[in-house]
Structures are given as structure tokens and as C-alpha cells.
Amino acid sequence: MEVALSPTELDTGALTAEELCRRYAPSVCRFAAMIAGSSTDADDLAQDALLRAVRAIRSYDSSRGTAEAWLWRIVVNSARDSARRRDRARDLFERLAFVNPRESESVEDAVLARLRDADLHAHIRLLSHRDRMLLALRYGTGLETAEVGAAVGLNADTAGKAIRRALGRLRARLEVSQK
Amino acid sequence: MTLDVLEQRLADLTIDTPDPGRVTARVMSRAAIRRRRSVPRTVAVGGGTIALMLAVLYFVPAADVVLADTPIAGELLRDAGLLGAGNRVTSVGAVSTSSGVRLQLIGAYADSTRTVLLVHAEPAVRPSGLGPTDTVTDQFGRSYFINRSMSNGLTGNIVFQAEPLAWPDAITGARITLHLTGLVPVTCTGSPSVDPKAVKCGEGPPIAGSWTLPATLGVDESTTLALPAPAQLGPATFRFTSVRSSSATIAIDIEVKGVTQEELSRRVPDGKKGKETFTIMVLGPNGEWANGNGPGAPPNEQGVHLHVYGYRFGPGEYHIHATYVGYGEFDRVIRVP
């Protein structure tokens with residue numbers, strides 16, 4: 001039968017490059033697609049992140065945490081480096097163009113009902129790199145808030161607040177776009 | 001905590017992602033590159049060139065592959081779930097005789113989900129239990145578990161299905177060897193076309209022997225397809241994480257949250273083996289059953305990840321139909337090019 005590795009198997013310390021890629025490449029690719037500015041950037045980011053993880057595999061110590069947490073820290077660092085290289089100017093613009101979140105569920109519902117996935121993705125790409133990363137980790141790869149925090153170096157509470165703020169900024173963008 | 005509308009849209013967002021298989025192949029390829037040069041450049045280049053030539057000659061069996069010019073029996077392809085990949089099946093022809101049983105490896109096929117070997121036996125036999133000495137190995141000496149075999153006692157045809165070949169076979173092609181050590185003679189009478197229920201089969205005593213059948217083959221590439229929308233059945237949330245298709249196989253990965261593996265695998269007592277509470281099926285464009293994992297059985301679930309694969313008969317709309325007793329069912333469409 002096709003072997004899908006369980007978290008237990010991955011956390012024994014006997015992690016191999018093949019296992020790592022087979023288990024996590026789809027999630028890393030989805031994460032990359034969600035935060036990258038283009039499909040080419042997503043391809044490069046997914047490859048760079050997985051390559052770093054594979055090359056660092058001997059440094060993985062199961063006594064210090066799960067393989068998943070170790071991998072996502074590497075992926076997040078790759079994404080940050082990638083953003084520094086490619087998006088420095090745009091990130092600066094995004095910070096200057098900061099929009100305060102508004103709370104209007106009814107407006108949001110109306111907007112979302114008309115919004116195609118491609119358009120929503122386009123709005124996500126307009127967020128700051130940090131916001132994109134938080135949303136991609138939480139919703140793109142399905143990590144729990146605490147796991148997102150571990151990946152980006154925040155405690156669970158702070159990560160939760162950061163994710164909510166990122167969501168708020170996305171909501172604000174969606175509403176602005178409909179005006 | 002429940003997800004609000006925006007959070008749900010983000011979780012369900014359908015986006016084009018890089019192909020995980022292609023990314024993995026590139027990563028493994030680049031990871032294998034040595035970073036430090038410990039010998040002088042000239043020696044390294046010369047030695048490397050020779051080594052590369054030798055490596056190409058030995059490790060790239062795909063260069064020798066000739067796809068089947070001779071048509072393989074449609075019945076055998078159907079039994080193997082290879083109807084959609086008839087022209088991708090490599091014709092082999094290797095023969096091995098031991099203890100009076102002649103096995104001929106007629107064809108072989110591999111993609112990222114499975115490795116299939118088509119064998120004809122004279123007289124008709126079935127594998128004897130498929131123990132640890134019955135293996136498929138590749139040119140690197142790695143063993144692949146044979147997870148399924150189907151024997152036809154009337155025709156003598158046997159289909160072996162093993163795990164997918166590991167990297168770098170997908171890039172270089174593979175030189176594989178099927179090795180069997182035990183068979184059981186099968187004698188069947190009757191005609192399935194006249195009356196399938198009238199076909200009777202008997203078995204003889206097991207035969208020990210050694211049958212070795214080599215083959216060289218390429219590995220079929222797969223295409224990443226759009227992800228179907230998630231589904232909810234009672235407490236279980238099903239999120240599609242990957243859908244890929246090759247010319248013969250549709251591979252579907254599903255992440256399940258809200259239930260444990262034990263809950264998903266639970267059986268309702270029915271006086272026999274018990275009825276499965278959760279089943280998932282792949283149906284072809286004409287509603288034909290296309291499950292590669294087994295008839296409606298939950299596939300090999302590990303933790304909360306399901307890996308389902310179906311047979312691709314050709315392009316069209318395939319359906320994934322799941323039923324969870326007490327909670328309902330869902331149907332999702334996959335458009336396969």
C-alpha cells in the first residue's frame with residue numbers, strides 16, 4: 001500500500017529526505033502559492049524551502065520538537081529571505097499603505113459572496129509579507145495557532161492576535177475594493 | 001472555535017500550486033550535488049565525466065525503454081487498471097522457469113502512485129502468500145512491497161502491484177526485478193462469458209522455486225489537478241490537499257479533521273466481519289467503479305490523512321463519493337484531462 005507517514009514515524013529522529021518531501025511537499029507548495037507574488041516565485045520558494053530542509057536534515061533533533069515544527073521554521077525563514085530579496089520595496093509600500101481593519105460582517109459576507117477564488121488570492125497577494133505568511137500558515141496549510149506561533153517565533157496568544165489583525169487587514173482591503 | 005466566512009474561504013481557497021512531485025524531484029536532485037571539491041578540478045572533471053558515462057549506461061535504463069508495439073491483451077490491462085495507459089505500458093518478455101512453472105513478464109508500468117507488473121504463467125498459478133522473499137527491487141537494490149496481486153486461473157495471467165518507485169527512478173527510469181519464491185497451482189473450469197457463477201477453481205499443493213524476472217521501464221509523469229471543495233460529514237471535515245493524474249492513475253490526498261483514524265475505521269457489527277462506517281469510492285466518467293484501493297474500503301489511512309487512488313480510463317469527469325454511516329455522504333467531481 002502507498003505509505004503515508006504518521007507524525008509518530010516522522011518524530012522518531014529517523015527522518016529521511018524522501019520522507020520529508022513525500023509528506024510535506026504538497027503543504028509547502030500550497031503555502032508557497034499562497035504567499036508568493038507569482039507562480040514562478042511560488043515554485044522557487046517551495047524548492048528553496050524544501051532544499052534547505054533536506055540539506056539541514058541532519059540537524060533535526062527529535063528531542064527538541066516535532067519534525068513539522070522544525071520544517072515550518074525553515075520554510076518561514078526561506079519565505080522571509082525570499083521576501084527580503086524580491087519584495088523589499090513592495091513591503092515598504094504595504095506598510096505605508098496600512099489600512100485599519102473594520103468590523104462589518106454583513107458587508108464582508110456580501111463581498112465574499114461575489115468574490116472568486118482568484119480575486120481573493122489577488123487580494124491576499126496585496127497584503128504585507130508577514131500577513132500573507134500568517135494567513136498561509138494558518139489557513140493554507142491548516143496549522144493550529146500555536147503551531148503558527150512556533151513557526152514564526154511568537155507565543156500562541158500573540159500569534160492568534162497577529163492572525164486576527166491580518167484577517168482584519170484583508171477584510172478592510174476587500175471592502176475598499178468594493179467601494 | 002468556528003471559522004467565520006472569510007476564514008472558511010481562505011481554508012478552502014483553490015489556487016494553482018507548484019507541482020509537489022516536480023519540486024521534490026528538483027530538490028532531491030540538487031540536494032545530491034556535492035558542495036565541496038576535494039580533488040583538483042582537472043581530475044574531478046575527468047573522473048566525473050567517466051563516472052557520468054558509466055552512470056548513464058547503468059543507471060538510466062529509461063534510455064533502453066521501448067514502449068509496447070505489441071498490444072497487450074485488453075483483459076489484462078483492464079484487470080490491472082491500465083486501460084487508460086495501454087501505450088505507456090512497457091513490453092518486456094522476460095521468462096523464468098522453475099519447478100515446472102514458466103512465468104513470462106509481459107509488461108510493466110510505473111507512475112508516482114504504483115508499479116504494475118503483468119505476468120503470464122504456464123500452468124496457471126497464484127502467488128503463495130507473497131512473503132518477505134517475494135519482492136520487487138530496483139537497480140539501487142531497494143525493495144518495494146508488493147501490496148496486491150490478482151490471478152486469473154482461466155487465462156494464467158497475474159497482475160502484481162507494488163509501491164511506487166522511489167527517487168531518482170522517476171527521472172532516470174528503473175531497472176527492476178520481480179523475484180518470487182512460492183506459487184500455488186490453480187485449475188479453473190467453466191466460462192465466465194457463459195455463466196460466471198459456474199466457474200469453479202481448485203488449488204494444488206504449493207510449489208517452492210525461484211523465479212526472477214527483470215524489466216526496464218520509465219516512470220509516467222503525473223499532472224496536478226484542481227482541488228475539489230472541502231466537505232463536512234458530521235464531525236469530520238474533509239479537505240483535499242492534492243489531486244494528481246497520470247495516464248493510468250488518479251491519486252487523491254485528503255486531510256481529515258474532527259475524527260480519529262479509529263473512528264473512521266470503525267465497523268458496525270453485522271454478524272460477520274462488520275460493515276465499514278466510512279467508505280470512499282472513485283467512479284469513472286460512465287459511473288464505472290474505478291477504485292484502486294479496493295471496493296469502497298477506507299484507503300490506507302495514516303493519522304488523519306487519506307490516500308485514495310483510482311484507475312484512469314481516459315479523460316472525463318470522475319466522481320469521489322464518500323459515505324459516513326449516520327452522518328451522510330458527499331460527492332465531488334474531478335475533471336481529468
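Everything numeric in this text was worked out from a predicted model, so none of it was measured.

Student: What is the right way to look at the interface of chain B and chain A in this model?
Tutor: For an interface, size is often stated in terms of accessible area lost upon the parts coming together. The interface is formed by 40 residues belonging to chain B together with 45 residues belonging to chain A. Buried surface at the junction of chain B and chain A, both sides included, amounts to about 3900 Å², of which 59% is carbon and sulfur. A per-residue breakdown of the area chain B buries against chain A is headed by Leu6, Arg9 and Leu10 of chain B, which together make up 17% of the total. Applying the counting rule to chain B against chain A returns two salt bridges. Salt-bridge contacts for Asp4 of chain B lead to Arg171 of chain A; the nearest nitrogen and oxygen are separated by 2.1 Å. Of all the elements in the fold, those that place two or more residues in the side of chain B that touches chain A are helix H1 (5–12), helix H2 (20–31), strand S14 (236–245) and strand S19 (305–311) of chain B. In terms of residue count, H2 of chain B provides more of the side of chain B that touches chain A than any other element does, nine residues in total. Split by residue class, the side of chain B that touches chain A holds 17 nonpolar, 10 polar and 13 charged.

Student: What is the right way to read the state of the cysteines from this model?
Tutor: Enumeration over the complete set of coordinates arrives at one disulfide over all chains. A disulfide bridge connects Cys188 of chain B with Cys201 of chain B, and the sulfur atoms are separated by 1.9 Å. Residues Cys188 of chain B and Cys201 of chain B share a disulfide whose torsion about the S-S bond is about 110°; that sign makes it right-handed. With Cys188 of chain B in strand S9 (residues 174–189) and Cys201 of chain B in strand S10 (residues 200–203), this pair connects stretches of sequence that are 13 residues apart. Among the residues examined, Cys188 of chain B registers a relative accessible area of 14% and is labelled buried. The exposure class of Cys201 of chain B is exposed, given its relative accessible area of 52%. Summary of cysteine pairing: Cys21 of chain A is not part of a disulfide, and the nearest cysteine sulfur, belonging to Cys29 of chain A, is at 9.5 Å.

Student: Sorry if this is basic, but what is going on with the pattern of salt bridges here?
Tutor: Note on pairing: side chains with opposite charge can pair once their charged atoms come close. Enumeration over the complete set of coordinates arrives at 11 salt bridges over all chains. Linking Glu203 of chain B and Arg126 of chain B is a salt bridge whose minimum nitrogen-to-oxygen distance equals 2.6 Å. Highlighted residues: Glu203 of chain B in strand S10 and Arg126 of chain B in strand S4 (residues 125–127), separated in sequence by 77 residues. Assessed through its relative accessible area of 28%, Arg126 of chain B is described here as partly exposed. The network of salt bridges with common partners includes Asp48, Arg52 and Asp81 of chain A.

Student: What should I look at first to understand the sheet that holds strand S7 (residues 146–151) of chain B in this one?
Tutor: Where strands meet in a sheet, backbone hydrogen bonds hold them as pairs that are either parallel or antiparallel. Residue and element names in this part refer to chain B. Judged by pairing direction, the sheet is antiparallel, and its five strands sit side by side in the order S1-S2-S3-S8-S7 without closing on themselves. Every interior strand has two partners, whereas the edge strands, strand S1 (90–98) and S7, have only one. Recorded for the sheet is a direction-independent mean angle of 20° between the axes of neighbouring strands. Two elements, S1 and strand S2 (residues 101–110), share seven bridges in a ladder whose sense is antiparallel. By the bridge assignment for S2, Ser96 is matched with Leu103.

Criteria and thresholds
Residues numbered from 1 in each chain as written. Chains lettered and ligands numbered in written order. Predicted model: local features only at pLDDT ≥ 70, side-chain atom pairs only at ≥ 80, totals over all residues. Heavy atoms only, no water. Contact = heavy atoms within 4.5 Å. Buried area = accessible area lost by both parts, 1.4 Å probe. Salt bridge = Lys/Arg side-chain N within 4 Å of Asp/Glu carboxyl O. Helix = DSSP H or I, 4+ residues; strand = E, 2+ residues; numbered from the N terminus. Nonpolar A, V, L, I, M, F, W, Y, C, P; charged D, E, K, R; others polar. Disulfide = S-S within 2.5 Å. Buried < 20%, exposed > 50% of the residue type's maximum accessible area, 1.4 Å probe, protein only. Pairing = 2+ DSSP bridges. Axes fitted to C-alpha atoms, helices over the stretch in contact; angles between N-to-C directions.

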